[in-house]
Amino acid sequence: MPISEELFERACRVIPGGVNSPVRAFRRLGRAPFFVTRAAGAHLWDEDGREYIDYVGTWGPAILGHAPECVISAVQQMVPAGLGYGIPTRVEVDMAEHLCRVLPCMDKVRMTNSGTEATMSAVRLARGFTGRPYIIKFAGCYHGHVDSLLVSAGSGALTHGEPDSAGIPAEFASLTIVLPYNDSAAVEQAFRRYPGQIAGVIVEPYPGNAGFYLPKPGYLEQLREITAREGAVLIFDEVMTGFRISPSGVIGKTGITPDLVTLGKVIGGGLPVGAFGGRRDIMDCLSPLGPVYQAGTLSGNPVAMAAGLAQLRYLEQHRCHDRLESLGARLEEGVRAALHDLQLPLTFKRSGSMFCLFFTTQDVFDLDSAMTADFGMFRRYFLSMLDQGVYVAPSPYETGFLSTAHTEADVDATVQAMRTALQAAKEA
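So, here is what we can say about the structure in this document. Since this is a predicted model, take the numbers as computed values, not measurements. Residues take numbers from 1 onward in each chain, read along the sequence in its written order. Local features in this predicted model are restricted to residues whose pLDDT is 70 or higher, and side-chain atom pairs enter the listing and the counts only when it is 80 or higher, whereas totals over whole chains, interfaces and linings include all residues. Values shown for side chains rest on all heavy atoms present in the structure; no hydrogens or waters enter the calculation.

**Brief notes about the overall build of the protein chain**
To be explicit about the condition: Helix and strand assignments come from DSSP, with helices taken as H or I runs of at least 4 residues and strands as E runs of at least 2, each series counted from the N terminus. Here the term buried applies to any residue with accessible area under 20% of the maximum for its type, exposed to any over 50%, and partly exposed to those in between, with areas from a 1.4 Å probe on protein chains only. Only the protein chains shown count as cover for residues, and the accessible areas themselves come from Shrake-Rupley with a 1.4 Å probe. Positive charges come from Lys and Arg, negative ones from Asp and Glu, while His and the chain ends are left out of the count. Lysine's charge is taken at NZ, arginine's at CZ, aspartate's at CG and glutamate's at CD.
In terms of regular secondary structure, the protein chain is built from 15 helices and 14 strands. Oriented by its inertia axes, the alpha-carbon framework of the protein chain measures out at about 55 × 55 × 45 Å. Buried residues in the protein chain amount to 57% of all 428 residues. Carbon together with sulfur atoms contributes 52% to the accessible area of the protein chain, which is approximately 17,600 Å² in total. Distance between charge centroids for the protein chain: 2 Å, based on 37 positive and 45 negative side chains.

Here you go:
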């Protein structure tokens, strides 16, 4: 028996489903997950000695690839001084100053331990600042496993066909208004129906948890205009897109300034980190200055701060987003050529280093259109890619990620593998 299968059998006896995050289980794919023993650059090696070109990238954080020297060095320098203190350190101030300098919307920021904590705290802050109860979110946008936001969620919830979770009282979800993404009229209608009661709007400006798709022209601008007009807080969830889409995320790419932004993934350098920040008057409502309580024993952990800050500084100093755009364009050109040659009019979306191949011939711009993807075709494609040593996300509702560690040869080999996998998926 392969070592990964043996490990999965052991894991299933002591961990629910054998995994610590649901999508890792490969449950609908007809095989056990592989277990990683090490990673370097753009490659992974499993317990059975197989090597893979990796396009999951720890689900986004590995923008410089796995184990980049600058991050490893920063961690090695920090660890001998201790793993955490529960009291302020210089490096968390350095991190906060960096984030506030590069993000136009950020006057102040508070660190958390995960993206879920960041979105949960931002929503609480919006309610505390406005004194209003309702939050608008959008179907297919995933903001972590917060009770009141796990309503028409994306990501792993979609993989299992259960966009809502058991264990969430209806009362929690009742204060969340779920609207279709890219539907401006629905937002206007919601504000008319609940006048003076909507605390905020939280949105993945470029959704990445039901696949990856983009806003229609003017849509984000409309969200900014109506929230400003109605006195509601606009929250951009850039846990996934932050420092990926551009040196300052979607905010920098579009020039649209939200009131609050949530961050994670890239800013941790591979360690558990989240953050939320924005307008000074809103952030000053947080305890100990204001009445909105938020806390975390490990928030601002010095090792995580050192890792994340090293990665962010490297990205900035080496103008890495030029490299990421070049690789992304090369991959997109190859994918589109393969689809054309194979006469497969599937939908491909990309911005910067984020991309998704949808197994549908429809354009994809919201959850409903993303859900038209043919799962059977995706499954055949995924298994063929894995057999050829290319690891893409084990779900048709996830985003692919490039890193600066990918080479042109990696991308070209991936496109060739895609041709083989797409042909197999088409013929079955």
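**Quick word on the sheet that holds strand S12 (residues 354-358)**
The condition is simple: Any two strands between which DSSP finds at least two bridges are classified as paired. The contact criterion used is simple: two residues touch if any of their non-hydrogen atoms lie within 4.5 Å. Lines are fitted to the C-alpha atoms to define the axes, a helix being fitted only along its stretch in contact, and any angle between axes, read from their N-to-C directions, falls within 0 to 180 degrees.
Spatial strand order, S11-S12-S14: three strands in an open sheet with antiparallel pairing. Only two strands of the sheet have a single partner each, and these edge strands are strand S11 (347-351) and strand S14 (400-401). The sheet contact formed by S11 and S12 spans five bridges and is antiparallel. Note on S12: the bridge partner recorded for Phe-348 is Leu-357. Helix H12 (residues 320-341) contacts S11 and S12 of the sheet and is inclined by roughly 170 degrees relative to S11.

**Comments concerning unusual backbone geometry**
The amide bond that connects Ser-287 to the next residue, Pro-288, takes the cis arrangement and shows omega of 15 degrees. Examined against the element boundaries, Pro-288 turns out to sit in the loop between helix H10 (280-283) and helix H11 (302-317). A positive phi angle, near 65 degrees, is found at Trp-59, a position not held by glycine. Position of Trp-59 relative to the elements: it lies in the loop between strand S3 (51-54) and helix H2 (69-78). For Arg-319, which is not glycine, the phi dihedral falls at a positive 45 degrees.

**Description of the pairing of S3**
Sheet topology places strand S2 (residues 43-46) next to S3; three bridges connect them, and they run antiparallel. Bridging from a neighbouring strand, Leu-44 pairs with Tyr-52 of S3.

**Overview of the side chain of Arg-224**
Heads up, the condition is: Throughout this description, a polar contact denotes any pair of N or O atoms lying within 3.5 Å of each other; where both atoms belong to protein, one of them has to be capable of donating a hydrogen while the other can accept it, and for residues adjacent in sequence the pair is counted only when both atoms sit in side chains.
Its location among the elements puts Arg-224 in helix H8 (residues 219-230). One polar contact links the side chain of Arg-224 to the main-chain carbonyl oxygen of Thr-257, over a distance of 2.9 Å. There is a polar contact of 2.9 Å between the side chain of Arg-224 and the side chain of Asp-259. Aside from chain neighbours lying at most four places away, what touches Arg-224 is Ala-232, Leu-234, Ile-256, Thr-257, Pro-258 and Asp-259.

**Here's the deal with the packing of aromatic side chains**
To keep it simple, the criterion reads: Aromatic pairs are defined between Phe, Tyr and Trp rings, using the six-membered ring for Trp, whenever the two ring centres lie within 6.5 Å; interplanar angles under 30 degrees are classed as stacked, those over 60 as edge-to-face, and all others as tilted. By the criterion adopted, a ring carries a charge over it if an Arg CZ or a Lys NZ lies within 6 Å of its centre and within 35 degrees of its normal.
If you walk through the whole model with that rule in mind, you get 16 aromatic pairs. Aromatic side chains Tyr-134 and Tyr-194 sit 4.6 Å apart centroid to centroid with 45 degrees between the ring planes, which places their arrangement in the tilted category. With a gap of 60 residues between them, Tyr-134 in strand S5 (residues 134-138) and Tyr-194 in the loop between helix H7 (184-193) and strand S7 (198-203) connect regions that are remote in the sequence. Judged by its relative accessible area of 18%, Tyr-194 is buried. Each member of the aromatic cluster is reached from another via a ring pair, and the members are Phe-26, Phe-34, Tyr-52, Phe-359, Phe-375, Phe-378, Tyr-381, Phe-382 and Tyr-391. Looking at Lys-216, its charged tip hangs above the ring of Phe-365, at a distance of 4.4 Å from the centre.

**A word on the layout of surface pockets**
Let me state the cut-off plainly: Buriedness of a pocket was judged along seven lines, with at least five required to meet protein on both sides within 12 Å; pockets are open sets of points on a 1 Å grid over the protein atoms alone, cavities are sets where a 1.4 Å probe fits but cannot get out, and lining residues have an atom within 4 Å of a point. Grid points are joined across faces, edges and corners, and a volume is the space filled by probe spheres set on the points. Residue type decides the class: Asp, Glu, Lys and Arg count as charged, Ala, Val, Leu, Ile, Met, Phe, Trp, Tyr, Cys and Pro as nonpolar, and the leftover types, Gly among them, as polar.
As a volume, the second largest pocket reaches approximately 650 Å³. Together, 29 residues line the second largest pocket, and Glu-92, Val-109, Arg-110, Met-111 and Ser-299 are the ones closest to its centre. When residues of the lining of the second largest pocket are traced back to their parent elements, those giving at least two are helix H3 (90-102) and strand S4 (108-112). Grouping the constituent residues of the lining of the second largest pocket by class yields 15 nonpolar, 10 polar and four charged.

**Observations regarding the side chain of Asn-301**
Mapped onto the elements, Asn-301 comes out in the loop between H10 and H11. In this structure the side chain of Asn-301 is engaged in a polar contact, spanning 2.7 Å, whose partner is the backbone oxygen of Leu-83. Those residues in contact with Asn-301 that lie beyond four places of it in its chain are Leu-83 and Gly-84.

**Section: H11**
Put simply, the rule is: The length a helix should cover is 1.5 Å for every residue beyond the first.
Compared with an ideal rise of 1.5 Å per residue, which puts 16 residues at 22 Å, H11 spans 22 Å between its outermost C-alpha atoms and is within 8% of the ideal. Where burial is concerned, most of H11 is hidden: 12 out of the 16 residues are buried. Looking only at H11, the buried set comprises Pro-302, Val-303, Ala-304, Met-305, Ala-306, Ala-307, Gly-308, Leu-309, Ala-310, Gln-311, Leu-312 and Leu-315. Buried residues along H11 sit in contact with H2, H3, S4 and H12. Where H11 begins, the capping side chain belongs to Asn-301, and its oxygen is found 3.1 Å from the backbone nitrogen of Val-303. Two residues or fewer after H11 comes Arg-319, characterised by a positive phi angle close to 45 degrees.

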